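Report on the structure
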Amino acid sequence: QVQLVESGGGLVQAGGSLRLSCTASGRTFSSYRMGWFRQAPGKEREFVADITWSGGVTYYADSVKGRFTISRDNAKNTVYLQMNSLKAEDTAVYYCNLRVTTLNYWGQGTQVTVSS
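Residues numbered from 1 in each chain as written. Predicted model: local features only at pLDDT ≥ 70, side-chain atom pairs only at ≥ 80, totals over all residues. Heavy atoms only, no water.

1. Side note on the overall build of the protein chain
Inclusion rule: Going along the chain from the N terminus, every DSSP run of H or I of four or more residues is numbered as a helix, and every run of E of two or more is numbered as a strand. Atoms counted for the radius of gyration: C-alpha only. Globule rule: 2.2 Å times the number of residues to the power 0.38. Whether a residue is buried, partly exposed or exposed follows from its accessible area with a 1.4 Å probe, protein chains only, as a fraction of its type maximum: under 20%, in between, or over 50%, in that order. The criterion used for residue contact is that any of the two residues' heavy atoms lie within 4.5 Å. Accessibility throughout is a Shrake-Rupley quantity obtained with a 1.4 Å probe, and a residue counts as covered only by protein chains that appear here. For the charge count, each Lys or Arg is scored as positive and each Asp or Glu as negative, with His and the chain ends excluded. Charged side chains are reduced to one point each, which is NZ for Lys, CZ for Arg, CG for Asp and CD for Glu.
For the protein chain, the count of helices and strands is 0 helices and 11 strands. The secondary structure elements of the protein chain, listed N-terminal to C-terminal, are β-β-β-β-β-β-β-β-β-β-β. For 116 residues, the compact-globule estimate of 2.2 N^0.38 gives 13 Å, and the C-alpha radius of gyration of the protein chain, at 13 Å, lies within 12% of that figure. Counting over 116 residues, the protein chain shows a buried share of 43%. In the protein chain, of all internal contacts separated by at least 6 residues, the share reaching a separation of at least 24 is 52%. Approximately 6,100 Å² of the protein chain is accessible, and the part contributed by carbon and sulfur atoms is 48%. Of the charged side chains in the protein chain, 12 are positive and 8 negative, and the gap between their average positions amounts to 5 Å.

If you want it as structure tokens, here you go:
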């Protein structure tokens, strides 16, 4: 089993920054991706960004490109999401995700609220 623990959410004004962290523990894998999804009230969960654990290749949703940066610390089994130039539409619960082929593991979610 895999456990994902997130931290770093909160309330910030538009234009501000936040950094989310997610630490994985439990079962290990040789190849996987870690990343972030988000879900705003009344909307479906959507992809934000992810990174391959071995090569560090990153992918971003168009809505966050140029503003968000995903990175990892292999020694700490932790993935980070640096969010800059935050907008009101970034308000959502952010979920950490670990994906191995067709298996998906999720964190409990952390609230990010951007006031305009």
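2. Quick notes on the nonpolar core
This is how it is decided: Working definition of a nonpolar core: buried Ala, Val, Leu, Ile, Met, Phe, Trp, Tyr and Cys residues. They are joined through side-chain atoms within 4.5 Å.
M34, W36, L81, Y94 and L98 are the most contacted members of the largest nonpolar core, which has 32 residues in total. Contributions of two or more residues to this core are made by strand 1 (2–7), strand 3 (18–26), strand 4 (33–39), strand 5 (46–52), strand 7 (68–73), strand 8 (78–83), strand 9 (92–100) and strand 11 (110–115). For this core, the element with the most residues is strand 9, which contributes 5 residues.

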